[in-house]
Amino acid sequence: MSITELSIKRPALVSIFFVALAVMGLFGYSKLGVDLLPKMDFPFVSVLTYYPGAGPEEIEDRVTKPIEGAIAGTAQLDNVRSFSFEGYSLVLGQYLLTANADEAAADVQRHVELIRSQLPKDALAPKIIKNDIGAAPILRMTMTSSKLTSSEMFQLAKDKLKTRLESVEGVAQVDVSGGQEREIKVSIDNDKLRAYNLSINQVAALMQSENLDFPTGAVVSSQNESVVRVKGKFESLEQIRMLPIMTLPQGGSVHLGDIATVTDTYKEEGRPTRLNGQDAIGLQVVKQSDANSTATADRVIATLKTLETDYKDDAVKFTVAINATDFTRSSLLWVGIDLLLSIVFVTGILFLFLHSFKNALIVLISIPTSLVTTFLFMWLFGFTLNLMSTMALSLVIGVLVDDSIVVLENIHRKLEEGMAPMKAALEGRKEIAFAAIAITLVDVVVFLPISLVQGMAGKIFREFGLTVVTSTLISLLVSFTLTPLLASRFSKAHEVIKIRFFRWISESFERFQDKLEVRYKNILEWSLRHRWVIATSCLLMFIGSCGLLIGGKIGSEFFTQADRGEFAVNFSAPSGTNVEKTDSLIKGFEARLAKEPDIERYLTIMGKQENAWGTTQRASVGQIQVKLVPPSKRSMPTSGVMNKIRGMEKDFPGLSLYASPIGIFGSANQAPLQIEMRGDDLQQIEKYALVVMDSVQKVKGVTDLQSSYEEGQPEVKVVFDRERLSRMGLSLGEAASALRTAVAGNTDGKYSEAGTDYDINVVLDKFNRTNARDVSEVTFLNHTGQQVKLTDVATVYFGKGPTQINRKNRERMILISGNLD
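Residues numbered from 1 in each chain as written. Predicted model: local features only at pLDDT ≥ 70, side-chain atom pairs only at ≥ 80, totals over all residues. Heavy atoms only, no water.

> Help me out: how do you make sense of the sheet that holds strand β26 (residues 756–764) in this one?
In a beta sheet, neighbouring strands pair by backbone hydrogen bonds and run either parallel or antiparallel. If you trace the 4 strands from one edge of the open sheet to the other, you get β13-β8-β26-β25, paired in mixed fashion. Of all strands in the sheet, those with a lone pairing partner are β13 (260–266) and β25 (746–753), marking the two edges. With strand direction ignored, the average angle separating the axes of adjacent strands in the sheet is 30°. As defined by bridge partners, strand β8 (residues 182–188) adjoins β26 across 6 bridges and the pair is classed as parallel. Bridge pairing links I188 to L764 in β26. Along the sheet, helix α7 (residues 200–209) makes contact with β8, β25 and β26, crossing β26 at roughly 160°. Here helix α23 (residues 732–743) sits on the sheet in contact with β25 and β26, set at roughly 110° to β26. (Pairing = 2+ DSSP bridges. Helix = DSSP H or I, 4+ residues; strand = E, 2+ residues; numbered from the N terminus. Axes fitted to C-alpha atoms, helices over the stretch in contact; angles between N-to-C directions. Contact = heavy atoms within 4.5 Å.)

> Even after reading the chapter, I still don't get the environment of A619, so can you show me in this structure?
Mapped onto the elements, A619 comes out in strand β20 (residues 614–628). On the basis of relative accessible area, A619 is assigned to the partly exposed category, the value being 22%. The sequence separation of A619 and L97 amounts to 522 residues, and the corresponding C-alpha distance is 36 Å. Among all residues touching A619, those that are not within four sequence positions of it are R271, T577, N578, V579 and T582. (Buried < 20%, exposed > 50% of the residue type's maximum accessible area, 1.4 Å probe, protein only.)

> In this structure, what is going on with the state of the cysteines? I would like to understand it.
Formally, a disulfide is one covalent bond, and it connects the sulfur atom of one cysteine to the sulfur atom of another. One pass over the structure, following the stated rule, counts 0 disulfides. With no disulfide of its own, C538 lies closest to C546 among cysteine sulfurs, the gap being 13 Å. Take C538: its relative accessible area is 43%, and that puts it in the partly exposed class. Taking relative accessible area as the criterion, C546 reaches 29% and is therefore assigned partly exposed. (Disulfide = S-S within 2.5 Å.)

> Would you mind going over helix α12 (residues 357–380) with me for this structure?
In an α-helix, one full turn covers 3.6 residues, which means residues spaced three or four apart are oriented alike. A rise of 1.5 Å per residue sets the reference length of α12, with its 24 residues, at 34 Å; its end C-alpha atoms lie 36 Å apart and thus fit the reference within 8%. Of the residues trailing α12, G382 is marked for its positive phi of about 80°. (Expected span 1.5 Å × (residues − 1).)

> What exactly am I supposed to notice about the packing of aromatic side chains here?
The geometry of two aromatic rings is summed up by the distance between their centres and the angle between their planes. Taken as a whole, this structure holds 14 aromatic pairs when the rule is applied. Residues Y50 and Y88 carry aromatic rings whose centres are separated by 5.6 Å and whose planes lie at 40° to one another, so their mutual orientation is tilted. Residue Y50 is found in strand β2 (residues 44–50), and its partner Y88 is found in strand β4 (residues 88–95); the two are separated by 38 residues along the sequence. Exposure remark for Y88: the relative accessible area of 4% places this residue in the buried category. Note on F509 and F512: the rings are 6.3 Å apart at their centroids and 40° apart in plane angle, and the pair reads as tilted. Here F512 and F509 lie together in helix α17 (residues 500–529), a separation of 3 residues that amounts to about one turn. Pairwise contacts between aromatic rings join Y50, F83, F85 and Y88 into one cluster. (Phe/Tyr/Trp six-rings, centres within 6.5 Å; stacked < 30°, edge-to-face > 60°.)

> Just checking my understanding: could you explain the packing of helix α10 (residues 293–310) against helix α11 (residues 325–354) for this structure?
Where α10 meets α11, the closest approach of the two axes is 10 Å, and the angle between their N-to-C directions is 130°. What the angle tells us is that α10 and α11 run oblique. Crossing hand, α10 versus α11: left-handed. Across from S293, T294, A297 and D298 in α10, the residues of α11 making contact are T325, T328 and R329. By residue class, the composition of the contact of α10 with α11 is 1 nonpolar, 4 polar and 2 charged. (Parallel < 35°, antiparallel > 145°, perpendicular 65-115°, else oblique. Left-handed = near helix turned anticlockwise from the far one by under 90°. Nonpolar A, V, L, I, M, F, W, Y, C, P; charged D, E, K, R; others polar.)

> Teacher, can you tell me more about the side chain of N190 here?
By the element assignment, N190 lies in helix α6 (residues 190–195). Apart from the residues within four sequence positions on either side, N190 is in contact with L764, N768, E777, V778 and T779.

> Would you mind showing me how to read the nonpolar core here?
As a rule of thumb, nonpolar side chains are buried together in soluble globular proteins. Counting 62 residues, the largest nonpolar core has V346, L350, I367, L371 and L482 as the members making the most contacts within it. In contact with V346, not counting residues within four places along its chain, are L364, I367, I397 and V401. Ranked by size, the runner-up nonpolar core spans 39 residues in total, among them L237, A260, L764 and V796. (Core = buried A, V, L, I, M, F, W, Y, C linked by side-chain atoms within 4.5 Å.)

> In this structure, what is going on with unusual backbone geometry? I would like to understand it.
Most peptide bonds take the trans configuration, and most residues that are not glycine carry a negative phi. Positioned with a positive phi, Q76 is a non-glycine residue whose angle comes to about 60°. One non-glycine residue with positive phi stands out, namely N809, at about 50°. By the element assignment, N809 lies in the loop between β30 (805–808) and β31 (811–820).

See below:
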């Protein structure tokens, strides 16, 4: 018994089967995640290493190069990039798309551990990060309070709110920015330090050894056991000030307060964050790679409302500045509307051609049956509802009815020949079986290879291809089972349309079709009599079409830039500009943004720029995330607003602006024009880079041209003489460590209050490190207690150095990039 015969003779069995599929399909739909794009696992692994106080060249030599060498030994490596900034190194390994990202990260971890001993002892442990395009920021929010200070807001966000938000299902991490972070600063007077014959490292080490809660064992009696613990942690600033530093020969002690000022203050390297020009605490929520982005965003926003209630006494308020899921929701909404419209149009077309409501309904049943069942397989395959999968569902609407139409048309012909309904359904399906299978397989062989394409395109279109193939195969099953079953019960040889209006539409379309058939016959006869005209015309059109591509009249791009109504403005001040000066420049720019009617809100983050390869952190840079009003209220598209912003640069001398649209992946787009120049001599590469930039600037349509190399960072270079160091009883490591503590500070010590630890920063007083020449006045203490001035063992000179050093495949690189107007 064939599957069609079984369906006709056992209608209850077939009905239950498809109802079960529909129920499971609805269950699968409820479990599907929602995202803008399919999950794409690109094998990128980065190694982030902090080395506080070191310049880009030192970072490159002592941190970046050893880690590059370690990553170079990993399997399936495509290329390695590195970025050496002031204070930290970022090394990025890009692997072949066939590589497994988890295995690559584990391989990098093993190789980096092998060279861990080659890194500076003062460098923090390298962080191995598996870069996941799915783990992207979905929410950028701000927190304000009319009752809490900036420091209190930061501490609340860091200690409590961050933990609460990270516990929300689907959230990977929450980054806090802005505000002022509390610290206990021990500002040492360099003159008094020398007067008492002390070194700053002695003071820092003493503070750590005197700030301990130390377990010393237990006292056991016949019945009880008591733990003995030395309680020695600082409990007040006065205790810190009264800490004995040394005993004088004539008696008495020198306390820390005698040589230093101890204050409860804030860290100097603050990075302000503002929303629409108002100071705030920034919170950036990053979702887990496999989480439902829209559901996660909804859960976070619901949690924010709960937090506002919990902290209403502190007048805490949250504002969502950028919600990346808004674009996802809008995109999927319009694709869903297209899906519904396509079903409506298919219904109308079926009625016009089949001239029967019943036959149209029978064919139409295949659409929801196939679609709902497809949801089940999408869930089993691990797919999500995204642009690709929903686009596939929209596309496949017309395909789903093909098999049923062919089968039903042949059944209808059998009925007109006088055959009984059940026999007509069975014979009609048998005759057309191979034709229906051929129709389906044509679609399968077209779309299945799309899902097997390698590379980035394959990762994007895999869900698209498999969704089409699955839906099409299910429609074939429906045409062999459900369609003959329904036709055997409801189809008639002749059906009279009882509603007059629809009967008139059907008859009018029939008359139009007859006229169209006559005209088509005439055109076809003329074409056959003038074969050379038709052949020549087709050839000319083909050549003309190819000419449009070759002549550049039709451009090409990976993704069409969508008007999301969002863009990012990266800004930078001259190298060496401090945060206060940069902030004052950008406040003037913000005032101009506030006057733009097309801008709804803007979020400013100082000291940090996000880009495709990571984050640049420097006092002279920052980023503004701009959200525009809805398109219906705008006077120009996003590109027009960006061009207007670029034109403002001339009004702000000393401020460089670079506008980038927010791309399909939810972050600022990479510049479409990128020129890499590599070599070993950075100065030689720079000369050629200037020549290339001059040439590219003359090309029409290029804007925002910039170079990754920025000469001009003020730098104090200290070159130690090892011979003199040895004679003075010092090692280079001891001298460099003392110098770093004097200038950058030592934050190994902690001050505890109400269960929260705050850094104790031991550093020279600001007036001892205001001028670069103050570095020359730093003194050390050798093993015999003799004071040694820096200039006695080193040469100090002033100059300029690069703000960052980029490398690719272990060669220095300068990247010239630009946008297209």
